[in-house]
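Single-letter residue listing:
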Amino acid sequence: MYNLIIFFCLLALGYFSGNYFEQQHYKSIKRRERKTLSLPAVTFGAKKPIPEAEVAALFVGSVVISADYFKMFVYGLRNLVGGRVVVYESLLDRGRREALLRMKEQAITWGASTIVNVRLESSNIGRQAGNNKGMVAIEVIAYGTGIK
Amino acid sequence: MKYTPKEITEEVNVTKVHPLVNLASLLGTTIVVSAAIYLGLGFVAGQLATRMDPETEIKIGQSLFPTGISHREHSQQLEYVEGLLGSLQQEMGATRIPLTVHLWENEQLNAAIFPGGNIVVTTGLLEAVETENELAFVLAHELGHFAARDTLKALGRSLVFVFVSTAIDSQGGASGVVSTTGQLTNLHYSRTQESAADLYALEAIIRRYQHGGYSLDFFARIKAKDTKGKLSEYFSTHPITQDRIDELKTIAAARGWSMTGVASPIPETVTSSDHLP
Ligand SMILES: [Zn+2]
């Protein structure tokens, strides 16, 4: 019985705090995206001469985002029945956009005119193979070549 | 090529589903599907239990019976319980396999029957009963579970439970299996099974003593001074309610069974706790 109460407390904590932080994060992401809109970040540029560049530099933005208890529980259920893991979609979306923003913000400070050859990578942290318990956190890295 | 900056306004990468709606639909699906599987496999297990031959039942009993509990062998107490059980069996007809009584040195009040005809009675129970009629009712109740193959059905359900939870906990490995196997010996019966076992017990008591007096006193007394811990063990598997006692009294009245009579005492040698085995 006590376990059940603790479980519901954790679920509520995960739901409310997770939602709150997610909304705050999205607000910040949207504001900063508008601010960095002028800098083009494009995926082309690999194995090609970089257009009209005098200087080039590598920019890396990375972020680690954790799931909350609520998301993990819903994911656990989803894992049983299969289908789209809707609760983790926002987690990855936030990760990608935040990593891109961090990369762009650095490039803007440096004075880049464009970022070419942008790549995104993600990996999960905290869950080793064979261990299905523990925290769920994802790392997203965005990197590209800034030119000016 | 001209670069046109474009703000993300449509969230194509995040599905617009309210998290709670998502949770509700998932919970619903999981509960419905697992209930269906549980009921279906439970039904199969029940069918197997009713068709099991005695040899298999004995084998299962041997492999499942908890080892390492301190028995009290060759004592007068054990002989007494065996004798009482034997006399009850005589009244109700021979059982499909021979029963074995195990006297367990434990201060908890508990009596339980395991698959394979192993009856465990705690020394705590022997000390707590005041008349033979009380003890006889508890034993006959367990006999009722045995006769109805409730133990096997419960075992079947537990096996299903272990199977399903192991499948869910597929990456958990051995730890999950070990913890759930513990549930095998934790037998739970349904209300209907309890009522049937009660009725069986009362019938055996009537045949044995020609009256049902004192036989229900144990439950009434325990219920009155229900303290935590010591008693909870038996009543976690056999929830005793006033309904059950009332139901038995109604049936007894309807069948013309006498519920008053002379109490049969328990021999001194059995009740004294300082008795040497
Ligand atoms: Zn029972």
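Residues numbered from 1 in each chain as written. Chains lettered and ligands numbered in written order. Predicted model: local features only at pLDDT ≥ 70, side-chain atom pairs only at ≥ 80, totals over all residues. Heavy atoms only, no water.

Right, let's talk about the overall build of chain A for a bit. Helices and strands together make up the secondary structure of chain A, namely three helices and three strands. The buried share of chain A, taken over its 148 residues, is 38%. For chain A, the share of sequence-separated contacts (at least 6 apart) that also reach a separation of at least 24 residues comes to 80%. (Helix = DSSP H or I, 4+ residues; strand = E, 2+ residues; numbered from the N terminus. Buried < 20%, exposed > 50% of the residue type's maximum accessible area, 1.4 Å probe, protein only. Contact = heavy atoms within 4.5 Å.)

Right, let's get into the pattern of salt bridges. A side chain of one charge can pair with a side chain of the opposite charge if their charged atoms are brought near each other. All told, the structure shown has 17 salt bridges over all chains when counted by the stated rule. Glu98 of chain A serves as the salt-bridge partner of Arg102 of chain A, at 2.9 Å between the closest nitrogen and oxygen. One end of the pair is Arg102 of chain A and the other is Glu98 of chain A, both in helix H3 (residues 86-110) and four residues apart, which spans about a single turn. The shortest N-O distance in the salt bridge between Glu194 of chain B and Arg244 of chain B comes to 4.0 Å. Residue Glu194 of chain B is located in helix H8 (residues 191-209), and its partner Arg244 of chain B is located in helix H11 (residues 242-255); the two are separated by 50 residues in the primary sequence. Here the salt bridges do not stand alone but share partners, grouping Lys30, Glu33, Asp93, Arg96 and Arg97 of chain A together with Glu11 of chain B into one network. (Salt bridge = Lys/Arg side-chain N within 4 Å of Asp/Glu carboxyl O.)

The next thing to look at is the confidence of the model for chain B. All names here are of chain B. Summarising the model, chain B shows a mean pLDDT of 78, and 77% of its residues fall at 70 or more. Taking the mean pLDDT of every element in chain B, the minimum, 43, falls on helix H7 (residues 174-181) and the maximum, 91, on helix H5 (residues 132-147). Ignoring residues within four places in sequence, the model shows residues 171-182, a span with pLDDT below 50, making nine contacts including any to other chains. Here the prediction assigns the complex a pTM of 0.60, and the interface score ipTM is 0.76. (pLDDT = per-residue confidence, 0-100.)

Next up on the list: the interface of chain B and chain A. Facing the 23 residues of chain B at the interface are 31 residues of chain A. Where chain B meets chain A, there are three salt bridges. As a salt-bridge pair, Glu11 of chain B and Lys30 of chain A come within 3.4 Å of each other at their nearest N and O atoms. For the interface between chain B and chain A, the tally reads four residue pairs in polar contact (both at pLDDT 80 or more). (Polar contact = N/O pair within 3.5 Å; in protein donor to acceptor, adjacent residues only side chain to side chain.)

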